[in-house]
Amino acid sequence: MVMKHLSQFLYKLLLTILAGIFISISTFPAKVIAFDLRNTPPQYREQARQQEAQLRKPRLGAPRPGAPQLGEAPPQPRNCPNTNQPVDFQKNLGLDYIDSDSNHVLNATLNVINPESFTLGDVTFKSNYKATYEGKEANFQTDSNNQRLALYQTEENKLGTYMPPVLRVSPGDTIKLKLNNNLTGQWTGSAPQDTNFHYHGFNVPATKHADDVLTHIRPGQSDPMDFVIPKNHQPGLFWYHPHVHDDSDSQVSSGMSGAIIIKGIENYYPIINGIPLKPDKPNLVKEIVKDIEQPDDTTIKGILPQLKPSLTERVLLFKDLQLKEQLKIDPPNTYACYTLNGLVNPNITIKPGEVQFWRIGNIGADNYINLSLQKSTGDTGPLYILARDGNIVNPPFLQKEPILLAPGNRVEVLVIGPPSGQQYNLVSTEVLNTDTIGQEPSRATFKGNPTVATVSSEGEQVNYDVGALEEYILSQKPQDKLDDLPSIDQLAKMSILPNHQRLFTFTQNFANPNKLARGGEFYINDNIYDENQFDTVVRLGDIEEWTLVNATPIHHAFHIHQLDFLVTEVNGVAQSLQGYQDTVDLPPCTKAKQDNDNCELGTESLTVVRIPFTNKIIAAQFDGKQSSIDSDKSLYENGQFVGGQFVYHCHLLYHEDHGMMQNILVLPPLPSDP
């Protein structure tokens, strides 16, 4: 009996030592299949989580010192372009749209170009990596080499556009989008760069001419994408951007990102089709039809839209724009501006009491936003969440805290207009630490504009005939989704087999921590990205639980392609089951080492997600007879199967470009026993 207890003690001690070695070493990447918890006793994992819960600090917490408090006037934007709002801005908030045609086909062409220069407000960006504004010339930062690379060009905008068109389709539609790489290298001073195209959040095949981010479109080449959106695809806000490794950050930072809307959310939430209005007069209907002889049902139906108009839809797309102050070119003095649809602090109008439907996306490269509606009275305005990352939440809920949007996150909400003559400030209440060392985890010096938009109440009061409006909104019950995913309740209650539990540790190694805050390399399980290996292999039908360990003092954002996941725990705290996501923030550790590189053992943050690999479109399809399967990519090269290969990574694209990404292969299920 004594020997048995001694063996268990030595086993746990060995696990602790190995975990410390694994987390501490981040300078020698090795080609390994994903390190996991398959043989780790459950009681050890629970002990680690309890330790994290005791040591962790609040994720958002109180505003940092110097942040605008509720009721205070927010600071004025600094080092941001002065942008003039177009006269017709309120119509589409400055965005252009491309819709599917009557044959349910979206036809579009996007050219990737190196413009000689382009103008955003009063700032002119030039081909010598400089930006001219306020009579001064300063560097423009998109990556560590201060290079601004490229823009999308459309038929309507030959000079290139910082806000490319919103693509709008329906489930079952066909996307025919031709991407032409016309890069010349004019802005980089080097050889022209490759590019490609990613449909972020789409559950479509990772195959050629669809959502294959491992394809490189060379300069002078084209990719004629042609694929069908599944008929049971969830509706919502998605987005597109380049995903060519090494250059994703610079290309997205330069403006190469846009939104995609898959229509149909009103089929889940009919409230979007309209809320009954309270007639100003009891006999309003009779007044409208008083001049019509014998009004029939058709006439009455024509009147109903006046009594129940569809909610006004707004699309709000945020990008991080980084200018460098003259003579202060070290990264800590980089000033982040947040543009909304290409403008700095635009004005959005809403009627008093009106309910609007907002689709909000962070489609920038590297910076978080933390949104809230701030009233002049000091209170926060209500935001009612209907969907996150293109996934319906059930039921809708009132978000009382700021909405944290990592790069890639989207949220779709209902907003109620303030009283007549009042306004909201749409603010990002805190800037999170994503690339600055030498500071407390989750805190970074704020330099930029916290007010990202002003929401003005204009027009006549809107009164709805539904009683208490908030109770009416929160009582909505969306229809069940028709897809291959288990319900979130089912997924949360499943028993996950030990061989489907994995651990992924995010670490970094700064090249020169005293001078280069954003430099160095970033790892997953001590691996720098290698496109020639599979790091994780699963099979169609598997349900997996992944523990994502952030062993660094900065934030990361985990994203997986082709599918969605459910967040169940953060630092040992069970999360409310609000719905699927495709991107999630990984909070920093609570105590960094003295060298500000990685974290002391036991202070790492743990985020647990459950991923159902159940959608048939994500699995590899075999061209020939199946043989033994391992992580050998030559199987692809020999033509034995196609598809089924995609990536997961940190969606801070600088981190991804510098190594924090891995390949995953989804194989068909094993043949059933006879």
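Note that the structure is predicted; figures quoted are calculated from it, not measured.

### Focus on the overall build of the protein chain
Working step 1: In terms of helices and strands, the protein chain carries 10 helices and 38 strands.
Working step 2: When the 674 residues of the protein chain are sorted by exposure, 57% land in the buried category.
Working step 3: The contacts of the protein chain with a sequence gap of at least 6 include a subset with a gap of at least 24, amounting to 78%.
Working step 4: Looking at the protein chain as shown, the accessible area adds up to about 28,500 Å², and 50% of this sits on carbon and sulfur atoms.

### Some thoughts on the sheet that holds strand E28 (residues 536-539)
Working step 1: Spatial strand order, E28-E38-E37-E30-E33: five strands in an open sheet with mixed pairing. Pairing within the sheet leaves two strands with one partner each, and these edge strands are E28 and strand E33 (583-586). The sheet shows a mean angle of 25° between the axes of neighbouring strands, taken without regard to direction.

### Describing the state of the cysteines
Working step 1: Overall, the coordinates contain one disulfide when judged by the stated rule.
Working step 2: A sulfur-sulfur separation of 1.7 Å characterises the disulfide bridge that pairs Cys589 with Cys599. Handedness of the Cys589-Cys599 disulfide follows from its S-S torsion of about -70°: it is left-handed. Linking Cys589 in the loop between E33 and strand E34 (605-612) with Cys599 in the loop between E33 and E34, this pair joins segments that are 10 residues apart in sequence.
Working step 3: Cys589 gets classed as buried once you look at its relative accessible area, which sits at 1%.

### Here we look at unusual backbone geometry
Working step 1: For the bond from Asn394 to Pro395, the omega torsion is 0°, close enough to zero to count as cis.
Working step 2: Following the sequence through the fold, Pro395 ends up in strand E21 (residues 391-399).
Working step 3: One non-glycine residue, Asp526, lies in the positive phi region at around 60°.
Working step 4: Locating Asp526 in the fold gives a position in the loop between strand E27 (521-524) and E28.
Working step 5: Residue classification places Asp526 among the buried residues on the basis of a relative accessible area of 11%.

### Some remarks on the confidence of the model for the protein chain
Working step 1: Across the protein chain, the average pLDDT comes to 76, with 67% of residues at or above 70.
Working step 2: Contacts from residues 1-78, a stretch scored under 50 in pLDDT, to residues over four places away or in other chains number 134 contacts.
Working step 3: Segment residues 325-334: pLDDT under 50, and 18 contacts once partners within four positions in sequence are set aside and those in other chains are kept.

### Brief notes about the side chain of Gln662
Working step 1: Tracing the chain through its elements places Gln662 in strand E38 (residues 661-667).
Working step 2: A polar contact of 3.1 Å, which involves the side chain of Gln662, links it to the backbone oxygen of Ile524.
Working step 3: A polar contact of 2.4 Å, which involves the side chain of Gln662, links it to the side chain of Tyr648.

### Remarks on the pairing of strand E25 (residues 451-457)
Working step 1: Most of E25 is tucked away: seven of the seven residues are buried.
Working step 2: As judged from the four bridges shared by strand E16 (residues 347-350) and E25, these two strands associate in the parallel manner. Bridge pairing in E25 places Thr349 opposite Ser456.
Working step 3: Both strand E24 (residues 423-428) and E25 contribute to a ladder of five bridges, which runs antiparallel.

### Looking at the environment of Ile488
Working step 1: One can find Ile488 in helix H8 (residues 488-493).
Working step 2: Classification of Ile488 by relative accessible area gives buried; the value is 14%.
Working step 3: Once the C-alpha coordinates of Ile488 and Val393 are considered, the two residues, 95 residues apart in sequence, prove to be 9.8 Å apart.
Working step 4: Those residues in contact with Ile488, other than ones at most four positions away along the chain, are Leu566, Leu577, Gln578, Gly579 and Tyr580.

Calculation notes
Residue indices follow the written sequence of each chain, beginning from 1 at its first position. This being a predicted model, a pLDDT of at least 70 is required before a residue's local features are given, and a value of 80 or more before pairs of side-chain atoms are given or counted; all residues contribute to the totals for chains, interfaces and linings. Side-chain numbers here rest on the full set of heavy atoms in the structure, without hydrogens or water. Per the convention used, a helix needs a DSSP run of H or I reaching at least four residues, while a strand needs a run of E reaching at least two, with both numbered from the N terminus. The cut-offs for exposure are 20% and 50% of the maximum accessible area for each residue type, with area from a 1.4 Å probe on protein chains only; residues under the lower value are buried, those over the upper are exposed, and the others partly exposed. The contact criterion used throughout is that any non-hydrogen atoms of two residues lie within 4.5 Å. The Shrake-Rupley method, run with a 1.4 Å probe sphere, supplies the accessible areas, and residue values consider only the shown protein chains as cover. Note on pairing: two strands pair once DSSP finds at least 2 bridges between them. Each axis is a line fitted through C-alpha atoms, and for a helix only the stretch in contact is used; angles between axes span 0 to 180 degrees, taken between their N-to-C directions. Put simply, a disulfide is two cysteine sulfurs that come within 2.5 Å. Within a predicted model, pLDDT stands for the predictor's per-residue confidence, ranging from 0 to 100. Polar contacts, as used here, are pairs of N or O atoms within 3.5 Å; protein pairs need one atom able to donate a hydrogen and one able to accept it. Residues neighboring in sequence count only if both atoms are side-chain atoms.

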